[in-house]
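# Coordinate inspection notes
Chain residues, written in single-letter form:
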2 protein chains.
Amino acid sequence: MKFTIKNSLFTAIVSELHKICSTKSLLPILSGIKIEANKDSLILTGGNSDLFIEKRIPLHINGETVVEVQEVGNVVVLSRHFVTLLKKLPDEIEISSDDMQKVLIKSGNIVTRMNGLRAVDYPKLPEIKIIHSVEVDFASLTEVIKQTIFAVSKSEAKPILTGLKMEFIKNKLICTATDSHRLSCRELKITFLEEAHSVVVPSKSLAELVHLKGSGSATVHISIADNMIVFSAENTILYSVLIEGKYPNTQTLIPTDFVTRITMNTKELIAGIDRACVFSEEWKHNNVQLTMIDNSILKITTNSAGVGTIEERQRISKVEGLPAIDMTFDGRFFLEALKGIQQEEVTISFCGVMKPAVIRPESDVSYMQLISPLRT
Amino acid sequence: MKFTIKNSLFTAIVSELHKICSTKSLLPILSGIKIEANKDSLILTGGNSDLFIEKRIPLHINGETVVEVQEVGNVVVLSRHFVTLLKKLPDEIEISSDDMQKVLIKSGNIVTRMNGLRAVDYPKLPEIKIIHSVEVDFASLTEVIKQTIFAVSKSEAKPILTGLKMEFIKNKLICTATDSHRLSCRELKITFLEEAHSVVVPSKSLAELVHLKGSGSATVHISIADNMIVFSAENTILYSVLIEGKYPNTQTLIPTDFVTRITMNTKELIAGIDRACVFSEEWKHNNVQLTMIDNSILKITTNSAGVGTIEERQRISKVEGLPAIDMTFDGRFFLEALKGIQQEEVTISFCGVMKPAVIRPESDVSYMQLISPLRT
């Protein structure tokens, strides 16, 4: 194998793959990046036991030659030192490997030799049998994931809750995340006429999907197999395992009625709850108390015996139902829920003592969040 | 006590002081910041057992009123929550405290109460009896400290070596740092006609001095007492303890003759040694081998059995003495030494087997570094 490449481009892609490479795998080869030099492109693969990303670098980008392959071939290079070295090299580099998997990296008067591994020993992706296949707008999918993924469970006690449920049903994709204290659910219109199907995708895989740089494509093609999901964009393919098990029925949790519903300015409320969380490190739950006063003011209070109290008043734009609120929430959860909302105004429906509150953007029914109050 | 202040200015200063506040002191009050509101200014003090910084905020800056003191007084506020809160408040804030040391922070509809401590309980700085006193250009002093401080010992085994020796002698300030494997020494011309005097200042205190922001003054006034050194700039005073003990005589370590002396491009050599350090995590000493070939080329090599080898050739601008080098150094030490040199060219004098090499900027005798070779 032998090729020359623009190092800035190469380093960016190797760094991206390095981040997902296993560092402590039983298979040492998984801490490497597979490099395949073909006649028409370079293909780099990195991954861990749950997730693989394959990046294709074409010979030419926007008419400019970025790669020249002198000899096709392949090799696996351990990513840690490789990526550190690349960052310190000039922009024109030549990489080659011989039959003994010795990798030679040349750049002007700088010559580095690294021990590589055989590409044939790199795990092969299983042949996947596609059940469903759908094309989705990449930017919209990214947004939907960001608006829900924070609510997945951080604890491994119920593995199914560490994933995001993606439900493909009648021209809709519904994403749901819950850790049983809160729930975030967002719908996206897509073109999907096949039989309804739902999968649970590890949140780590979706976090990588969201951070994919330079995928350069407007749409992403989703293929679903029995135990795997594949996201293909131009020059990038992400393979992820699915989480097996039965996702809880979250539909029954959603309150159908409310006692009090308020509408408020989203940004101001975010700033207010954020300030209320300042003393949060002092005790386990970050109790933020919400009280309505004078039928039109929301009082946000936290009280930490040792440190002090924070109290702030904000105007409510609209009150529906009973003009009385006195509830306590986990401020951190409340803040994360509000941060998902991009609209100027947010409506919060309080549904009675110890029942979850419903947070929605004003005038958008496709996004909904639930958050359980705290006992005080 | 009661005053209103521009929060952006106040937060910047409180954050700076918060960084040096003790977090785990036997005296809980040391994790606080002392606020004194006087008729003509606000004075903030923060510190730990070795170091105090006092910041003065005048009522007006560049003709603009930044502080208005409604009631003089003082209080100590625990810095951690205070600084987090301030960062989240709007720009106009009012701070007051009552006889019970309850601190009230108001900004529009946001009201925070924190428990303060009595300012009289804050440690008082001892009355210092000044032995010597000298005025130095602030920018030059900062530069001299940066060029030497990295060579102090990181181990507490010999406490005296964790400080920087500052020698005031006949119109010169000589700063010396050594950890016994390397030495960095830099002279600065100052106006000092008193009897020669030397002190050893903890490197942590000098690191804070270097990072002082917005001190806004061109010169710094240094006062030396028996067990303390005080740096006063406009609106900022830094008090530091001195390290007691006898600093080793480093003069005898400096080689007077050389076997081979080479001159090279500083930036290129830094980049080369930096690359050679890529495999450095693999073993304890980061052995970088320097060899002269063809009387005019320096070959920089590292060799890690498990990972690979890096080899690079750089042109030597000038060779004096015997045209032969074959020595091994700690690459990290070598790199730090080179980074102190701002001139375009650097000269390195090799003084024979197992004798330290001398690194100097070309054509500047005021700066010198020694670095011991490694046995291989």
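Since the structure is predicted, the reported quantities are computational estimates derived from the model, not experimental observations.

How each quantity is defined
Each chain carries its own residue numbering, running from 1 in the written order of its sequence. For naming, the first written chain is A and the first written ligand is 1, with later ones following in the order written. The model is predicted, so local features are restricted to residues of pLDDT at least 70 and side-chain atom pairs to those at 80 or more, both for listing and for counting; the totals for chains, interfaces and linings are taken over all residues. Derived side-chain values reflect all non-hydrogen atoms in the structure, with water molecules and hydrogen atoms excluded from consideration. A 1.4 Å probe rolled over the protein chains alone gives each residue an accessible area, and that area as a share of the maximum for its type sets the label: buried under 20%, exposed over 50%, partly exposed in between. Elements are defined by DSSP. Helices are runs of H or I of four residues or more, strands are runs of E of two residues or more, and each kind is numbered from the N terminus. What qualifies as a polar contact is a pair of N or O atoms within 3.5 Å, subject to a donor-acceptor requirement within protein and to the restriction that residues adjacent in sequence count only when both atoms come from side chains. Only heavy atoms enter the contact rule, under which two residues are in contact if any of them lie within 4.5 Å. Note on definitions: buried area is the accessible-area loss of two parts on being combined, 1.4 Å probe, summed for both. Salt bridges, as used here, are contacts in which a Lys or Arg side-chain nitrogen is within 4 Å of a carboxyl oxygen on Asp or Glu. Residue polarity follows a fixed list, in which Ala, Val, Leu, Ile, Met, Phe, Trp, Tyr, Cys and Pro are nonpolar, Asp, Glu, Lys and Arg are charged, and the others, Gly among them, are polar. A pair of strands is considered paired only if DSSP assigns at least 2 bridges between the two. Marked domain ranges trace back to an automatic or database domain assignment. UniProt positions are given in the numbering used here, feature names are shortened, and annotations may be inferred rather than shown by experiment. Pairing of aromatic side chains requires ring centres within 6.5 Å, counting the rings of Phe and Tyr and the six-membered ring of Trp. Pairs whose planes differ by under 30 degrees are stacked, by over 60 edge-to-face, and all others tilted. Throughout this description, the term charge over a ring refers to an Arg CZ or Lys NZ atom that lies within 6 Å of the ring centre and within 35 degrees of the ring normal. The distinction between a cavity and a pocket rests on a 1 Å grid over the protein atoms alone: a 1.4 Å probe fits inside a cavity but cannot get out, while a pocket stays open yet meets protein on both sides within 12 Å along at least five of seven lines, and a residue with an atom within 4 Å of a point counts as lining. Grid points are joined across faces, edges and corners, and a volume is the space filled by probe spheres set on the points.

## Thoughts on helix 6 (residues 331-339) of chain A
Side chains of residues three or four places apart in an α-helix project in the same direction, reflecting 3.6 residues per turn. Where helix 6 of chain A is concerned, the buried positions are Gly331, Phe333, Phe334, Leu335, Ala337 and Leu338 of chain A. The N-terminus of helix 6 of chain A is capped by Asp330 of chain A, whose side-chain oxygen sits 2.9 Å from the backbone nitrogen of Arg332 of chain A.

## Here's the deal with the interface of chain A and chain B
Counting residues at the interface gives 29 residues for chain A and 29 residues for chain B. Each partner contributes to the roughly 2,600 Å² buried at the junction of chain A and chain B, and carbon and sulfur atoms together form 49% of this total. A per-residue breakdown of the area chain A buries against chain B is headed by His81, Lys88 and Arg275 of chain A, which together make up 22% of the total. Counting across the chain A and chain B interface gives two salt bridges. In this structure, Lys88 of chain A and Asp274 of chain B form a salt bridge, with 2.9 Å as the shortest nitrogen-oxygen distance. Partitioned by chemical class, the residues of the side of chain A that touches chain B number 11 nonpolar, eight polar and 10 charged. Note: strand 11 (residues 110-115) of chain A against strand 23 (residues 308-315) of chain B, five bridges, orientation antiparallel. Bridging from a neighbouring strand, Val111 of chain A pairs with Glu311 of chain B of strand 23 of chain B.

## Regarding the environment of Cys21 of chain A
You can see Cys21 of chain A is positioned in the loop between helix 1 (7-20) and strand 2 (32-37). Judged by relative accessible area, Cys21 of chain A falls into the buried class, the value being 7%.

## Observations regarding the domain arrangement of chain A
Residue and element names in this part refer to chain A. Domain boundaries assigned for chain A yield domain 1 (2-121), domain 2 (132-241) and domain 3 (254-371). A C-alpha centroid distance of 29 Å is found between domain 1 and domain 2. One can count zero salt bridges joining domain 1 with domain 2. Linking domain 1 to domain 2 there are five residue pairs in polar contact (both at pLDDT 80 or more). Contributing elements (two or more residues each) for the side of domain 1 that touches domain 2: helix 1 and strand 4 (51-58). Top element by residues in the side of domain 1 that touches domain 2 is strand 4. It accounts for seven residues.

## Observations regarding the pairing of strand 28 (residues 367-371) of chain A
A regular strand carries its side chains on alternate faces of the sheet. Residue and element names in this part refer to chain A. Of all five residues in strand 28, five are buried; the element is thus mostly enclosed. Residues Tyr367, Gln369 and Ile371 of strand 28 are buried on one face, and the alternating residues Met368 and Leu370, pointing to the opposite face, are buried as well. Two elements, strand 15 (residues 182-189) and strand 28, share five bridges in a ladder whose sense is antiparallel. Bridge pairing in strand 28 links Arg186 to Tyr367. Pairing of strand 27 (residues 357-361) with strand 28 involves three bridges; the strand directions are antiparallel.

## Things to note about the UniProt feature "domain: DNA polymerase III beta sliding clamp N-terminal" (unreviewed entry) in chain A
Those residues carrying the UniProt feature "domain: DNA polymerase III beta sliding clamp N-terminal" (unreviewed entry) are residues 1-126 of chain A in this numbering. Strand forms 48% of residues 1-126 of chain A and helix 18%; the C-alpha atoms that close the span are 25 Å apart.

## Section: the packing of aromatic side chains
Applying the stated rule across the entire model yields 12 aromatic pairs over all chains. With centroids separated by 6.1 Å and ring planes inclined at 85 degrees, the aromatic side chains of Phe10 of chain B and Phe82 of chain B adopt a geometry described as edge-to-face. Separated by 72 residues along the polypeptide, Phe10 of chain B in helix 1 (residues 7-20) and Phe82 of chain B in helix 2 (residues 79-87) bring together distant segments of the chain. Since its relative accessible area comes to 0%, Phe10 of chain B is described here as buried. Lying over the aromatic face of Phe333 of chain A, Arg182 of chain A brings its terminal NZ or CZ to 3.9 Å of the ring centre.

## Brief notes about the layout of surface pockets
By volume, the largest pocket amounts to about 420 Å³. Going through the elements one at a time, helix 1 and helix 4 (203-211) of chain A are the ones with two or more residues in the lining of the largest pocket. Per-element accounting of the lining of the largest pocket gives the leading share, four residues, to helix 4 of chain A. When grouped by side-chain class, the residues that make up the lining of the largest pocket number seven nonpolar, five polar and six charged. Two domains each provide a minimum of three residues to the lining of the largest pocket, namely domain 1 (2-121) and domain 2 (132-241) of chain A. Looking at the second largest pocket, its volume works out to about 370 Å³. In terms of lining residues, the second largest pocket is bounded by 17 residues, among which Asp50, Glu156, Pro202, Ser203 and Lys204 of chain B are the most central.

## Observations regarding the side chain of Thr11 of chain A
Following the sequence through the fold, Thr11 of chain A ends up in helix 1. If we ignore the near neighbours within four places in the chain, the residues touching Thr11 of chain A are Leu86 and Lys87 of chain A.

## Thoughts on the pattern of salt bridges
A full pass over the atoms with the stated rule returns 28 salt bridges over all chains. Between Arg313 of chain A and Glu311 of chain A there is a salt bridge; the shortest N-O distance is 3.3 Å. Across the pair Arg118 of chain B and Asp121 of chain B runs a salt bridge whose closest N-O atoms are separated by 3.4 Å. Here Arg118 of chain B falls in the partly exposed class, since its relative accessible area comes to 44%. On the accessibility criterion, Asp121 of chain B (43% relative accessible area) is partly exposed.

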